[in-house]
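# Observations on chain architecture
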Amino acid sequence: MEPLVIGGISIPAGKTVQIEMPVVKLYTDTDISMPVQVYRSRREGPTVFVSAAVHGDELNGIEIIRRLMRLKSLKVTHGTLILVPIVNVYGVLSQSRYMPDRRDLNRSFPGSAKGSLAGRVADKFLTEIVQHCDYGVDLHTGAIHRSNLPQIRANLKDEETKALAEAFGVPVLLNANLRDGSLRQAAVESGTKILLYEAGEALRFDELSIRAGVKGIMNILSHLGMIKRRTRRKPVKPFVANNSAWMRANSSGIVKNLKLLGDQVTKGDALAKIGSPFGETLDTVNAGRSGIIIGQQNIPLVQEGDAMFHIAYFSESDEEVAEHIEMMQDNLLPEDKDD
């Protein structure tokens with residue numbers, strides 16, 4: 001196997017190395033580095049990256065990667081695993097989704113070594129990490145005050161990507177188009193198959209989402225033949241949602257939710273009531289179609305037009321999907337044994 005070079009450091013086969021990859025400097029002359037941990041086997045195999053905190057306020061992924069690093073069962077027998085717990089170091093420092101130049105890093109790919117600050121970080125991550133890899137998993141959460149049910153978003157029309165998504169092991173897969181400037185688009189254009197894992201809420205740890213993420217990544221590494229795992233119970237069959245939509249508030253006011261994340265809903269079901277400070281009901285938010293709630297606003301205040309419930313639509317029975325979501329929750333919570 002040829003040495004792998006990241007941040008100017010050559011990593012030979014059979015080595016595990018921690019790297020502080022230089023990115024750029026603050027105006028205080030303080031160096032900013034991106035933490036990277038590389039596991040290389042002596043045997044040939046795929047190269048896979050797992051990244052978190054492309055959006056600096058999305059913290060679940062950081063904890064997922066931290067827990068992966070501490071797993072005794074994470075022994076890479078084939079290929080190379082690259083873990084990047086914090087991509088947008090600036091955003092994590094300021095607990096912000098964005099870069100200091102107010103750009104969204106996940107809309108700045110492929111970037112440029114001579115471009116904006118966000119563009120330079122995007123270029124560094126793409127050239128130093130992603131372009132070495134055959135596969136990748138990018139970890140995200142919902143935005144601030146919004147929670148996402150654990151779900152995989154990917155190009156499910158590609159059979160190899162779909163097989164990876166199914167191996168991850170969460171009940172809901174969302175067939176998602178590529179967005180201009182996203183890491184996912186840049187990765188695909190460089191020949192890297194990639195999954196986007198969405199779960200939980202910005203600036204919060206969610207235990208279910210973290211456990212599902214750790215298990216999902218280990219499932220993928222096992223699927224690719226990079227680690228050995230003892231026989232597990234048969235994985236839950238995931239369901240593919242080809243469409244989804246947000247239900248929005250038609251009035252501004254104070255919210256009383258009637259449905260929760262993961263609930264099955266039928267067209268016309270009342271999802272929430274919006275009331276005035278005087279206690280009167282101003283509006284009821286109803287489901288436009290039957291489906292499963294995969295995203296939800298958490299703050300109990302809305303302005304007219306705010307997105308409140310993200311509903312995914314399935315060709316399969318919604319009851320079956322909801323049952324599998326409950327199975328995932330039962331399997332991961334309460335206390336689960338270490339992998």
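Everything in this summary refers to the structure shown in the same document. (Residues numbered from 1 in each chain as written. Predicted model: local features only at pLDDT ≥ 70, side-chain atom pairs only at ≥ 80, totals over all residues. Heavy atoms only, no water.)

### Details of the pairing of strand S6 (residues 80-84)
The buried fraction of S6 amounts to five of the five residues, a majority that puts the element mostly inside the structure. Of the two faces of S6, the one carrying Thr80, Ile82 and Val84 and the one carrying Leu81 and Leu83 are both buried. As defined by bridge partners, strand S4 (residues 31-40) adjoins S6 across four bridges and the pair is classed as antiparallel. Looking at S6, one finds that Gln37 is bridged to Leu83. With five bridges connecting them, strand S5 (residues 47-52) and S6 associate as parallel partners. Bridging from a neighbouring strand, Ser51 pairs with Val84 of S6. Each parallel crossover has a hand, and the one from S5 via helix H1 (residues 60-70) to S6 is right-handed. (Buried < 20%, exposed > 50% of the residue type's maximum accessible area, 1.4 Å probe, protein only. Helix = DSSP H or I, 4+ residues; strand = E, 2+ residues; numbered from the N terminus. Pairing = 2+ DSSP bridges. Right-handed = clockwise from strand over helix to strand, strands pointing away.)

### A look at the packing of helix H4 (residues 159-168) against helix H6 (residues 207-223)
Interaxial distance between H4 and H6 falls to 7 Å at its minimum, and their mutual angle equals 130 degrees. With respect to each other, H4 and H6 are oriented oblique. Seen from above, H4 lies across H6 with right-handed handedness. Here Ala163, Leu164, Ala167 and Phe168 of H4 lie close against H6, whose contacting residues are Ala212, Gly213, Lys215, Gly216, Ile217, Asn219, Ile220 and His223. Of the residues contributing to the contact of H4 with H6, the split by class is seven nonpolar, four polar and one charged. (Axes fitted to C-alpha atoms, helices over the stretch in contact; angles between N-to-C directions. Parallel < 35°, antiparallel > 145°, perpendicular 65-115°, else oblique. Left-handed = near helix turned anticlockwise from the far one by under 90°. Contact = heavy atoms within 4.5 Å. Nonpolar A, V, L, I, M, F, W, Y, C, P; charged D, E, K, R; others polar.)

### Observations regarding the sheet that holds strand S12 (residues 253-257)
With antiparallel pairing, four strands are arranged side by side in an open sheet as S15-S14-S12-S17. Of all the strands in the sheet, just strand S15 (281-286) and strand S17 (301-302) have a single pairing partner and so form its edges. Across four bridges, S12 lies against strand S14 (residues 270-275) in antiparallel orientation. Paired with Val255 across the bridge in S14 is Ile274.

### Notes on the environment of Glu58
Position of Glu58 among the secondary structure elements: in the loop between S5 and H1. Under the relative-accessibility criterion, Glu58 is labelled buried at 3%. Remark: the alpha-carbon pair of Glu58 and Val92, spanning 34 residues in sequence, is separated by 8.3 Å. Dropping the residues within four chain positions of it, Glu58 is found in contact with Ala53, Arg97, His140, Thr141 and Gly142. A polar atom in the side chain of Glu58 sits 3.4 Å from the side chain of Arg97. (Polar contact = N/O pair within 3.5 Å; in protein donor to acceptor, adjacent residues only side chain to side chain.)

### Describing helix H3 (residues 117-128)
Between its terminal C-alpha atoms H3 stretches 16 Å, which fits the 16 Å expected from twelve residues at 1.5 Å a residue. When we look at burial in H3, the residues that qualify are Ala118, Gly119, Val121, Ala122, Asp123, Phe125, Leu126 and Glu128. (Expected span 1.5 Å × (residues − 1).)

### Structural notes on the pattern of salt bridges
The full count for this structure, using the stated rule, is twelve salt bridges. A salt bridge links Arg97 to Glu58; the shortest N-O distance between them is 3.4 Å. Within this pair, whereas Arg97 is found in the loop between helix H2 (89-94) and H3, its partner Glu58 is found in the loop between S5 and H1, the two being separated by 39 residues in sequence. Classification of Arg97 as partly exposed rests on a relative accessible area of 23%. With a closest N to O distance of 3.4 Å, Asp101 and Arg103 form a salt bridge. Judged by its relative accessible area of 42%, Arg103 falls in the partly exposed class. Salt bridges linked by common partners bring Glu63, Arg66, Arg67, Arg70, Glu207 and Arg211 together as one network. (Salt bridge = Lys/Arg side-chain N within 4 Å of Asp/Glu carboxyl O.)

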